Structures are given as C-alpha cells and as structure tokens.
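# Per-entry structural report
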Amino acid sequence: MTRIELENLEEVGRKHREKLARYEGLLLVCTGTGCVSAGAFSIRDELRALLERHKLQKKWLVVPTGCNGFCAMGPILVVQPAGIFYQKLGPKDLARIVEEHLLGGKPVRSLLHKDAASGEVVPRMADIPFFAKQQLIALRNKGLVDPESIASAISFGTYGALRKALQGMKPAEVLAEVKRSGIRGRGGAGFPTGLKWESCVEAVARTGKPPVVVCNADEGDPGAFMDRSIIETDPHAVLEGMCLGAYAVGAREGFVYIRKEYPLALERLEKAMAEARKHGLLGERILGTHFSFDIRIHRGAGAFVCGESTALMASMEGRVGEPRAKYVHNVESGYQGRPTVLNNVETWANIPVIVGKGGAAFAAIGSGDVSQSPWNGSSGTKVFSLVGNIRNTGLVEVPMGIRLREIIFDIGGGIHGGRKFKAVQTGGPSGGCIPAELLDLEVDFDNLTKAGSMMGSGGMIVMDDRTCMVDVAKYFVDFLKDESCGKCTPCREGLIGVSEMLGRITRGEGTPELLDELERTCRVMASASLCQLGATAPNPVLSTLRYFRDEYLAHIEKRKCPAGVCKELIRYQITKACTGCGVCARQCPQKCITGEKKKLHVIDRKNCIRCGICRDVCKFDAVRVS
Amino acid sequence: MSGTTTSPDKVPAVEVEIDGHKVEVPEGTTLLAAARKAGVRIPTLCSHPAVEPYGACRVCITEIEVRGRKRLVTACNYPVREPLKAFTESDETRQQRRGVLSLMLARWPNVPAVRVLAEKHGAKPPAYRHPLRNEATDACILCGLCVRACSEMAWEDIIAFAGRGAGRRVMMPFGEPSERCTGCGTCAYICPTGAIKVHDEQNRPVDPARIRKYGFRLTQEMTLLDDQQCQMRRVGTAHLVEIMDAYDLLPTHNYKFGKHPDTPKIASHVWKTFVRQNVPDGCWAGCQMSCAKAVEDFVPRTGPYQGQKVLVDGPEYETVAGCGSNIGVFDPHDILEINFYCDTYGIDTISFGTATAFAMECFEAGILDTEKTGGLELRFGNGTAALELLHQMSRGEGFGVIVGQGVAEMKRIFAEKFGGDPAFLRDIGMEVKGLEYSEYVSKESLAQQGGYAMALKGPQHDEAWLIFMDMVNKQLPTFEKKAEALHYFPMWRTWFGLMGLCKLPWNDVEPEDNAKYPEPNKVPGHVEGYINFWAGMTGQEVTIDDIIRMSERVYNFQRVFNLRMGKGTREWDRGPYRAMGPVTVEEYESRAERYDKQLRELVGYDPAGKSTPEKLAALRKYREEQYEGLLDAVYKRRGWTRNGIPTIETLRNLGIDYPWVVEVVRPWLEKEGAA
Amino acid sequence: MSPAITVNDEPHPWREGMTVADVLRERNFVFPLLVVSVDGVHVSRDAYGTTPVPPGAVVVVTHLVSGG
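Residues numbered from 1 in each chain as written. Chains lettered and ligands numbered in written order. Predicted model: local features only at pLDDT ≥ 70, side-chain atom pairs only at ≥ 80, totals over all residues. Heavy atoms only, no water.

### Re the overall build of chain C
A count of helices and strands for chain C gives 1 helix and 5 strands. The helix and strand sequence of chain C, counted from the amino end, reads β-β-α-β-β-β. In terms of C-alpha radius of gyration, chain C reaches 12 Å, essentially the compact-globule figure of 11 Å for 68 residues. The proportion of buried residues among the 68 residues of chain C is 53%. Put simply, of all contacts in chain C between residues at least 6 apart along the chain, 54% involve residues at least 24 apart. By element, 59% of the accessible surface of chain C is carried by carbon and sulfur atoms, the whole surface being about 3100 Å². (Helix = DSSP H or I, 4+ residues; strand = E, 2+ residues; numbered from the N terminus. Rg over C-alpha atoms; globule rule 2.2 N^0.38 Å. Buried < 20%, exposed > 50% of the residue type's maximum accessible area, 1.4 Å probe, protein only. Contact = heavy atoms within 4.5 Å. Areas by Shrake-Rupley, 256 points an atom, 1.4 Å probe, with all protein chains shown as cover.)

Here is the structure:
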C-alpha cells in the first residue's frame, strides 16, 4: 500500500477492519508514557510471547495503544470485543489472563477493577464510572487506535474529514464550519479558533505573505499531560487537524513545536509523519489533489516561556525564546513576519471532528449558546489531567459545563486516602484555586475566570486538607520565577519579590505591611507585564488570598500553618496512641525518634526536619502535626 | 503602490489625542513618537532613537482608550493604527509607572537613571529586601540597549542576554572576552548607567566623553541613514559606479569617455551579490562606517592561485573603474581577479588600471603591437591580457616590466624605443609628477583639473573632489571661487592625513539636517565633530580656521619638499590634455553637441562648418588658457608666486620659515625675481 | 512655446504637473546625497515625488560630496 488517493481512503480503513475482524479478539495494551514507565512494554512483549507459546497468535492480536486515561490503574489491558478492563498488571499476571480468560473464557477477577466506594468488581470498561461519564472528541480513539499504524488510524475514520474537505469543500467552507463550532483554543487563552483563522485569511489577502500553521506542543504547566497523551495516542488526529487548518487558510508549511521532555510523543509523531508522507497524506499533492502541505518538527530546549506564542516563534526562528509585544498579532505577522496560525494540540485534534460532522454538532455540546458568538459560551469538550490527592489520577475528557463536583467525585473518585477536599487548582501556574464552596461551578472558560482561576491547558491539581494554600502559591511562584525569561521588569523583579515575600510568610516572618506589598506587587505584575506569563503569575497568589485569606493571616498573625506543612511553623509530636512498635524510629532519616519497645516514643524537636515520614509509616495515626 | 513611480506610497494618517492635545501621525508611528509630536514627554529607560524599541523596562507604560475600551500599553513600541486617546498622567498610568519603578528601585536603589525617575514619579522602594539588591551606582539594569546597539548599530552581535529570570545578564558568548569585539565603544556609550566601561589608558584623551558623544552620533547616523544615503556598509565605495556613469564621469578606455552601456554589469547591485560586508581589512577595527568588504571563496582562473578558493579584499570604486571600465573590462570576475592579484603582489590597483589603460590605447593606436608586447593583445576589454600583464609584473618578466614602470616611464620608452609620437603620448598619458591619475573624468571640470594636477603627491583626488560642486552644482563659477575651493578642501582633507583618520565618515554619510546649513558641501555638522575630537584629545579648543591652518603649515612644508625633489614648480602642476579636454576626433564627436555649444557660448567661436580637428584645436586653446588662469588664481590664494613657489612672507605667516626651508625656496624666488 | 525652469543655472523645459522627482529623473541626478530647493525653499527627500515645480521656477540641486 503506497500513496492513497481520495477514492481509496475508505478502502484502506475497511481492509484494516476486516483484517482485525479475522481475530477472535484484540488485546489492547496501554502504552502511554505513564504505563510505559510502569512496565507496559514488558506487558506487551510478554503477552505476545505467551500467545505464541500457546499458539494463539492467529486468534488474538496484541494492539499497543496510546494512553487509555486511567493512569492511576496502570499498566492497563483491555480485552476486546467484550471490553474487559484489567489494571495494575505485572508481567507475572499475564499467564493467568491467557490461560483463564482467553483459553478458559473466564476473566481473572482479582485483576479487574474494583469500585472504590462499593468494593465491587466492575469487569467492563464501559461500566466503570471513570470512563462512563466522559464524552470523547479529542480523545475519541484513545485506547483503541494503534498510534504507530496509519492503517489503524484510518480504520477509525482519521483522514476522512480531510478527504471530505478536499473532495467537496472550499477552504472558506472549512473555515465556516470551524467558526460555526464556536471552538475556543484549548491551550489556555480560549480565543475562538474560527476568528483566529479568519483573521489569518484577511492578513494573507492584505499582505500577500504566505501563511504558516503551527501546533503548540510545548505543554509546560506542571501536572499537565493532555497534549503529550494526544500525540502519544492519536498523532494522526493532530496531523489531520493541521492539514485541514492549512487548507482553510492557504498554508503550505506547518510546524509542530514540541518540548524536548517528550521523547515518546516525539517518536510517535515522527513515525506518524513519515507514514503519512509515504502514503500521500502529507507533503506534495495530498490524497492525489492539488493541495500540498508539509510539517517540520521543532524541538524545545527546556523553557516554559517558549509555550508563549511569540517566544515560541522566536525560538523557531533560531532566536532567544523571549516574547515580544503583541500589539501586532501573530495572525498578522508571526513566524518570519508571516501570518501565522498557532493552535494547541488539543484544538487541532478537535478539528477533524468539526469538519467531518459539522460545526453545529460540536456547538451543541458544552455550555452557553455560541450560535451568535463563540464568546457566549464554551462549546465542545475539554481534556483535563486529574492529578494530586485524587483517587483516580488520569486523563479525562468531559463536556464543557459539567460541574466540578462530577469531575472530582464521580469521575475522579474523590479524595485519595479518605481525606477531605480542600481545593482544586486549574490552569497551571497561570490559574487559581477553587475552594469547596464552589464545587458546583459549571466548568467552562468564563466561569473559571470569574472564580479567579482560568481554564488554562486543562491541568487539575486536586488538594486535600493537608495542603497549605500559601505553600501552593509559593510553589507556583517559584516555578515561574525560574521560568521567567527575565525580559520585563514586572515579571522578573515582581516574581523575585513575591517569592521573597511568600517565603517570609511561610517562615513565620510575615507582617500585615508585607501582605499589602504582596497584593500591590501582584497588581503591577498583572497590568504591566509584557506577556501572559508575568500577567497571570499573580493568579495563584490572588486566588488563594481570595478564598483562603485566613490561612495567610494565620501564618502572619499567629505564626501557624493550619495545614501542617510549612516547616518553620510546625512540629511533629507522637501522641498517646503510640504502641511503641518502633517503625517510625527505624525510618526516621535524622534518627531523632527514641523510645523503648512497646513504650511511648519521643521525637527530638531540635533535629526533626519535619519530613513527615514517621506520620506516613505510622499504622496507628499516632503522629500529630501542630 | 499608488500612482506613478515618482510619488511615494501614501501612508494613511491617524489622529490621536495625547493628554488632550490632538496630533495627526502616519499610521504605524509609535505612541512615544506621537506624544513627542504633541509636545508630551513620556519617560523611558530601555528606549533609544538609534535602536529598535524593546518594551522591557515598562517605564513608558501608558493608559490609552481605543474604541471606547481602556488598556495599558508601552508607548515605545505601541503602533498607532487607529484613533485613540492617551492619558500619560492619569491615576492608572501613574500607579503602574510607580509600581514598575518601585520594583526597579528595590534591586538598583542607587543607579541615578532609576533613582531620578523614581523620585520624579513618586515611586518608593517596596517593603521587602530584594534578594539581589545591588547598591552600585553603575549596576546593569538589564535594559538591553547595549545588546541592541551591538546588533543594530555595530552589526556585530557579540553581546547578548544569557540566562533566564533572576539569572539574566549581559555577556559575550560563554562568558569569555570575544576576539571579535572591535572595541568600538558603542555599547558603552549607549549604556544609561555606566555599567560598561571603556578603558582609555593607551591614548589618554583629555575628555573622552566629548569625543564619544560625536562618535556615537556618527554611529547613529550610519545605523539610521546609511541605507538611504550611500550604502557604505552594504556595498561600500562601489556604490559610485553607476552614479559616475550617469554623470558621464566613469573613466572609460583610458579616460576617453565617461560612460559605457555595459556599466550595469559592474554596478553596485552586482557587487552586492559577491561581497560580504564588515570583514575587517586593516582599517581601524572599531570604525562604524565599516565599508570594508570582501568576496569569499573566489576562484582565480589564472596565476599562482588558479583554481583555489581565495578571499578578495574589495572591490572599491577605484578598482572597479580603474581595472574595469577604464581598461574596457566589464566582467566582474576579471575585476575581482585583478583586485586579488594586485593585493597579493603589492601593486596599487589605480596605478595598474591607469597604466594598463594607457598601454591599451597605445596598442589600439598602433604604437604597440604584439611583437613589442611579447604576444599580448593589449586591447580595451582584454581582461586575460591585463591579468597576464599583472603576473608578468610580479615575475619581472616580459612586457609587464615596461608597463610596471608606470605611465611616465612608458611615455619616454614608447617615444624613444617604439617611435611613438611624443606629443600624442604626452596628451594621453594620464600621470602628473609621476603618479597615475585616480579614477574620475576631470575633463569637464576646471576645478577638478586643478584639484588633480596641482595635488602635491600627484593626481589623487584625496586633496579635492570638486566635480559636482563645479560641474553640476555650478557653485564655482569664477576663478576666485574655484581657487577658494582649492584652498579650503585640500587643507581640510589633508587634516585627516595629519590626524591618522579616514575621511569617509566626514562626508560619506550626512546628518539628517545637513541641508539646513548654508554650506552643506562642507558637512558642518561633522566638522563640528572633528573640532570636538581635537579638543577632546588634546584639551585645546580650536576653530575650523585653526584646523585649516594646521594643514596649511604642513601643506606648504610639503610643497617646499616637492620643490627640493624637483617637482615643485608650475610646470609640474599641469596635467595631460586628456584630463582637460578631448584629444582625439573620436572623443570630440562623442560629446559634439556639448563641445560645439561651449565653443559658441564661451569661446565665441562658431563651430558651424568647421572640421573636428579645427574645433579640437580651438577648444584646446581655450581650455589650456583657462587652466593657466586657474593656476594663477590658486597660487595667489595660497600665497605662492606665479611659478607656484611659497613666498617668504607666506612661510613666515605660517611659522615655517625655518632656515633650511628658506634655503630651498630662496634660489627659485630669486630666479623668478620674486625674492 | 512652453515656459522653462532653471536647474543649476541651466534652462530646462517645463511641463504641466512636473514634480521635483521628474526634474531629477530628467537630469539623471541619481546621486543619493542631494539638497534640493525650489525658488529658495528646501524640499525634503520624501517630498520629491509630491512637490510641484511651477513654471519659471529656479531649482537648485546641490550635490554633496562623497566617495573615493
């Protein structure tokens, strides 16, 4: 199979489906980075070896897929067609699955998913609440498609929208569908994608310069891995989206700017691009038409600020990754002074569905009503990375407008370890914390902004009651202080100042004047910074001040850290619940716990570094932090 | 593009209101510039008119209202594209400005540039102690002006920011002193805090800041104006080729003509494709005119470096004209090869070009033939023969040995040995005092004829270049005016030689306001710079007259030296007739209309019905008489006798009437009856 | 008989709609460093194309010196 033309795309997909249909079933092994680091490649290889040993290789096919999403439960295996969900697998578990399930017809119950609340086994993936409540568009093929096979991608419909567009739509019609969908950028700013593309088309007409489309895969927010997963899972969806975008705005050149820290995603992307070129789905005369478009990959070099569009383009041009004033937008003059459309990975992944099924169908999902203007709502779905103190860490895609409570408790399974929900941080270092009283907030661009946070790229860091909100603010500020390019005064000096002030507050050296100064500095940063890194850097501080001011005041007025985190302000004590088992004393890195067997143990406060290991290992909950 | 090529693109105007003052500015003007036009000054720190705005310090942050919406923008780089209102002193603007200055004050409390602004706008240091607090008065405030200056003004890109956030600092690559730094000092001068220092120990100028002020001004002019003016940085002196051709001044075929239809083949746009700018070639490494250039990876087709990649240092205008049009060669490759081998052999391209042109005309006139030249077909345009001549010169073999002795010697040899007509040879041999002419056609400018033939070292135009003033501007209509020009300019230009300075920065770039001065040819704005250079170096205040006098003393001293060497009298101040008018029928007829008109209007001779030789003779008589009149006027202005010898009184006035000087001139003066 | 203008003391034919840029072009004054005045009023470079030359005008085009 070499170059594919418009007429035979369907056939390629059909042939692949037929080939798979010849098997009794498929063994879908999740090989996203999370599962890979837990040994998924060994699972894949061991399964293949086992099938051969049992002479089952013509009956069952191992299909390595991208990220399944339920990262807390990895390594994961899904057995099709029944959709049986195996979790937390080790290589030694596989023999049982082959023998008892594949050969014996009975799934291995001890390896299936157990519902946390009821304790019941839930054999089918479709019944597991984590999956059941999601709505997939960007991640439509997750856990199903083999990211390293273009035939697999085509069999799931990828490149079908491109064929539809090249066969019977004008570029302006493709643009119209994207506008109709109301989709807003998934990278964080939430700017309506259709308007962005339209501005590009206007700029091209005005300047006569050739446009370029760029995919921002720099994903720098700590805790965010949506884009990584999309590329590892379904790279062709992104490529198809970019082709459609290039077609709509008249671009022949495209780039993917991918951060250096994503080796597996890069590998899969390069493979996908090579395959696409080989089969005429990228490069000259795509699908045998007059439309030619190719993409080059540009790797980042470890700078968060290069996720900012103008810094990203400077980096692509070989210049220092520093932002510039955006008084003239990228769509007018961006990469090499040409009209440039920059969109996030997730945005691109949505485009084929919008063009394939029509923008109206997309607009019908989500919150608000975008029929008059995309600003009047948040259409479609959003991929979130659920991390932190949550039971079901992983990747979820939900319709905009879903309540926060549903994401955290119904899908996320609530707080890990039975502790209490305190806050959820959204939008990464540019976002803010949402407290428990806002759990019924309908998650969309505008509601999050109104609450003092922002959608951002979709990171959701869930925090329990053992989280100090001042410490959280300091964490994000310190991150940004290291990542600030340092060009403009408010961001560079402001972050140094805010970090210094938060440091003092967490050490019990805060004063009311300092708190005033903190707020003043935040205001200057918000209004006077050159780019959004600096302008949104105060958000974690301001939002925690808004909802958890009492915690700040406790640190300042009482020199106390209510959550028991800030080391200067807490001490560890062993209570009477101690049974004298001695486990804590053995684990203590400072060797500062003493006590006789079966007698109350004591912590030497002078040498205690408040690492918390004793509390973690104590089975009797006898270590108290005050 | 609107309308004809004569009208510029119409840039729409936008009306803005700054603090209530309305002004109209072209679309794209920065808010800062618009405010300046409205008479409102917005404070800045990282902005400078000579470099692109950066928008880093944020001090210029200003509240504006566009389409009913208020926003904050940095004035230095916000392009005005639609009507707006700006409020430079609103509460919001002041609060933001104070906030920014307060942040800077925390880190740099003692830097005057920051402190002054902070005090003026009511900014106080914040309530915390900045972990990187730097109490120095000359701390670097990370404004980036030096980086932009090195890149945009000096075109060197040697310093840049390294590190991120709190670790941001300015340095050379890898933190090591870069060999490529030319020490031009532009970064030091543009630095607002004094963080970059220039060490002056070696020359110990009295007032370096005074010198640097004018030096920086020149750098700024080169940065902002060179591209619209002479493009010295991009193409160097070669920009003159097509211009001289347009004015009929490009020496062609041994100065017979002033233009050629093939000139486009060797015009500046051609050289742009060959050369790479800014390759230091021995000129002072910090020079901001930076007009040196070189062609890389050139492969000669002849000679000892045949087939190898070499670097060609050039070409300058003189080489393109002398080793190109003047010898009829319009192949850039041959010109470059001649340039290369002249440099390699240590031969001056002007002398080579003019001498070879002479030999070629002699060949075409039949005075030489291939037997005499050892087989070389020395016709105009034969680049291969010219190159062979050059190689022969270096080897000391063949006909090259003869040509290599120069025009003066060739005239003698061709007359004595080859039977050439001495009068003809004298007329077309372009040399004076033994030096070959440099590459401008002085035929139609009496002032330039004097400028060349009277020059002390021989016909080198570094003493005077008056062709435009004389021929085109018609600014020197009388002998007296010509004589005055032939006094001022040689004296002014000689001064550069005395100082060890290149004269190109004086007039190969002009200040933007040069046109406003009464004598723009003198570029008074730059003369001021050089006066301040002298004062800054020596501590001695001088006027232009003092400077002229400095040169006059040396010049007259040199004249006496010429006299002692036997070439200091009137007869040595005359050039060949080719430099003054048409020698041959061919030349006359190439400009017949012009020459006929002159005969009619200036000579009072009616050319109608006359033969060309007759007209030649009439014109010649007139021009030679004119030249003698010029000599008289110039000598008088210079305080020399009719024979061109400085009088004792002149020497005394200049303070160079030393006994050994007087000893040289006295016998001559007595012979003339002018002692 | 069309009225003439003077350019650097020499007569030059005039025509309707003539601008400074036209004069420079017709006289082949391609040198970049020029100072132009029309009837004693200085004309800046960016106005060459739009500044009209009236009949009988005295145009002075001073070439500054450069080169070599």
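From this point on, the discussion continues.
### A short note on the overall build of chain A
Per the secondary structure count, chain A includes 24 helices and 21 strands. For chain A, whose C-alpha radius of gyration is 26 Å, the value lies close to the compact-globule estimate of 25 Å for 626 residues. Each of the three principal axes of chain A carries a C-alpha extent, and together these read 80 × 65 × 40 Å. Each of the 626 residues in chain A was classed as buried or not, and the buried ones make up 60%. Put simply, 70% of the contacts in chain A that link residues at least 6 apart link residues at least 24 apart. Surface exposure of chain A reaches about 24500 Å², of which carbon and sulfur atoms provide 50%. Within chain A, one finds 84 positive and 70 negative side-chain charges whose respective centroids are separated by 4 Å. (Lys, Arg positive; Asp, Glu negative; His and termini not counted. Charge placed at Lys NZ, Arg CZ, Asp CG, Glu CD.)

### Topic: the domain arrangement of chain A
On domain assignment, one finds that chain A holds domain 1 (12–132), domain 2 (150–378), domain 3 (380–467), domain 4 (470–558) and domain 5 (571–625). A C-alpha centroid distance of 55 Å is found between domain 2 of chain A and domain 5 of chain A. (Domains from an automatic or database assignment.)

### Overview of the packing of helix H19 (residues 489–506) of chain A against helix H22 (residues 539–558) of chain A
All names here are of chain A. Where H19 contacts H22, the axes come no closer than 10 Å and their chain directions differ by 40°. It follows that H19 is oblique to H22 by the angle criterion. Contacts between H19 and H22 involve Val498, Leu502, Ile505 and Thr506 on the former and, on the latter, Val541, Tyr552, His555 and Ile556. For the contact of H19 with H22, the residue count by class is 6 nonpolar, 2 polar and no charged. (Axes fitted to C-alpha atoms, helices over the stretch in contact; angles between N-to-C directions. Parallel < 35°, antiparallel > 145°, perpendicular 65-115°, else oblique. Nonpolar A, V, L, I, M, F, W, Y, C, P; charged D, E, K, R; others polar.)

### Topic: the pairing of strand S10 (residues 310–313) of chain B
Residue and element names in this part refer to chain B. Covered by surrounding structure in S10 are Val310 and Val312 only, the residues Leu311 and Asp313 on the alternate face being uncovered. Here strand S9 (residues 293–298) runs beside S10; their pairing, made up of 3 bridges, is antiparallel. Within S10, the position partnered with alanine 294 by the bridge is aspartate 313. (Pairing = 2+ DSSP bridges.)

### Considering the sheet that holds strand S10 (residues 340–344) of chain A
Residue and element names in this part refer to chain A. The parallel open sheet is built from 4 strands, whose spatial order is S9-S8-S7-S10. Edge positions in the sheet fall to strand S9 (294–299) and S10, since each has one partner strand and no second. Adjacent strand axes in the sheet meet at a mean angle of 20° when their direction is disregarded. In this structure, strand S7 (residues 212–217) lies alongside strand S8 (residues 253–258), joined through 6 bridges in parallel fashion. Looking at S8, one finds that valine 213 is bridged to glycine 254. Those strands touched by helix H12 (residues 263–278) are S8 and S9, and its axis lies near 160° from that of S9.

### Observations regarding helix H26 (residues 659–672) of chain B
Residues and elements named next belong to chain B. Between its first and last C-alpha, H26 extends 20 Å over 14 residues, near the 20 Å set by a 1.5 Å rise per residue. Within H26, the axis deviates most sharply at valine 665, by approximately 30°, and proline proline 667 lies no more than four positions further along. Buried within H26 are the following residues: Val661, Val662, Val664, Val665 and Leu669. Considering only its buried residues, H26 is in contact with helix H21 (544–564) and helix H25 (648–654). (Expected span 1.5 Å × (residues − 1). Bend = angle between axes of the 7 residues up to and from the residue.)

### What about the arrangement of the chains?
Taking contact number as the criterion, the leading pair out of 2 pairs of chains in contact is chains A and B. Of all C-alpha pairs spanning chain A and chain C, none lies closer than 23 Å, and the two are not in contact.

### Digging into the interface of chain B and chain C
On the chain C side, the residues contacting the 30 residues of chain B number 27 residues. Applying the counting criterion to the chain B and chain C interface returns 1 salt bridge. In this structure, the salt-bridge partner of lysine 474 of chain B is glutamate 10 of chain C, at a minimum N-O distance of 2.5 Å. Where chain B packs against chain C, one counts 8 residue pairs in polar contact (both at pLDDT 80 or more). Broken down by secondary-structure element, the contributors of at least two residues to the side of chain B that touches chain C are helix H7 (240–246), helix H17 (467–472) and helix H19 (504–507) of chain B. The element that contributes the greatest number of residues to the side of chain B that touches chain C is H7 of chain B, accounting for 3 residues. Each residue belonging to the side of chain B that touches chain C can be placed in one class, and the counts come to 13 nonpolar, 11 polar and 6 charged. (Salt bridge = Lys/Arg side-chain N within 4 Å of Asp/Glu carboxyl O. Polar contact = N/O pair within 3.5 Å; in protein donor to acceptor, adjacent residues only side chain to side chain.)

### A short note on a positive patch on the surface
Residues and elements named next belong to chain A. The grouping of Lys558, Lys560, Arg571, Arg605 and Arg624 at the surface amounts to a positive patch. With respect to the secondary-structure elements, arginine 605 resides in the loop between strand S20 (602–603) and helix H24 (613–617). Here arginine 605 falls in the partly exposed class, since its relative accessible area comes to 47%. (Patch = residues over 30% accessible without salt bridge, like charges linked within 9 Å, V, L, I, M, F, W, Y side chains within 5 Å.)

### Some thoughts on the interface of chain B and chain A
Tallying the contact residues gives 36 residues for chain B and 33 residues for chain A. For the pair chain B and chain A, the two sides together bury roughly 2700 Å², of which 55% comes from carbon and sulfur. Summed over the three residues of chain B that lose the most area to chain A, namely Leu103, Tyr128 and Arg164 of chain B, the buried surface amounts to 25% of that side. Our count for the contact surface shared by chain B and chain A stands at 4 salt bridges. Residue arginine 107 of chain B pairs with glutamate 493 of chain A through a salt bridge whose shortest N-O separation is 2.7 Å. Elements with a contribution of two residues or more to the side of chain B that touches chain A: strand S4 (69–74) and helix H2 (91–107) of chain B. Among the elements that line the side of chain B that touches chain A, the one with the most residues is H2 of chain B, at 6 residues. Looking at the side of chain B that touches chain A residue by residue, the classes come out as 21 nonpolar, 8 polar and 7 charged. (Buried area = accessible area lost by both parts, 1.4 Å probe.)

### Points about the pairing of strand S13 (residues 381–388) of chain A
Successive side chains on a regular strand alternate, one facing one side of the sheet and the next facing the other. Residue and element names in this part refer to chain A. Within S13, 7 of the 8 residues are buried, leaving the element largely enclosed by the surrounding structure. Taken together, the 6 bridges between S13 and strand S14 (residues 394–399) define a ladder with antiparallel strand orientation. Counted as the bridge partner of valine 383 is glutamate 397 from S14. Between the end of S13 and the start of S14, which pair antiparallel, lie 5 residues. Where S13 lies against strand S17 (residues 459–464), 4 bridges are found, and the strand directions are parallel.

### Examining the sheet that holds S13 of chain A
Hydrogen bonding along the main chain pairs the strands of a sheet, whether they run parallel or antiparallel. All names here are of chain A. Taken in spatial order, the 5 strands of this open sheet run S14-S13-S17-S15-S16, and their pairing is mixed. Sheet topology places S14 and strand S16 (432–435) at the edges, where each strand pairs with a single neighbour. Within this sheet the neighbouring strands show an average axis-to-axis angle of 30°, counted without direction. Sitting on the sheet, helix H10 (residues 226–233) is in contact with S13, S14 and S17, with an inclination near 115° to S13.

### Regarding the environment of cysteine 35 of chain A
All names here are of chain A. Tracing the backbone through its elements, the reader meets cysteine 35 in helix H2 (residues 33–37). Measuring from C-alpha to C-alpha, the distance between cysteine 35 and valine 98 comes to 20 Å, with 63 residues separating the pair along the chain. Discounting chain neighbours no more than four positions away, the residues touching cysteine 35 are Cys30, Ala40, Gly74, Pro75 and Ile76.

### A few points about the pattern of salt bridges
Residue and element names in this part refer to chain B. The final tally for this structure, using the stated rule, is 86 salt bridges over all chains. A salt bridge links aspartate 632 to arginine 570, with the shortest nitrogen-to-oxygen separation between them at 2.7 Å. Highlighted residues: aspartate 632 in helix H24 (residues 612–638) and arginine 570 in the loop between H21 and helix H22 (585–590), separated in sequence by 62 residues. For arginine 570, a relative accessible area of 7% translates into the label buried. Connected through shared salt-bridge partners, Asp248, Glu444, Arg591, Arg594 and Arg623 make up one network.

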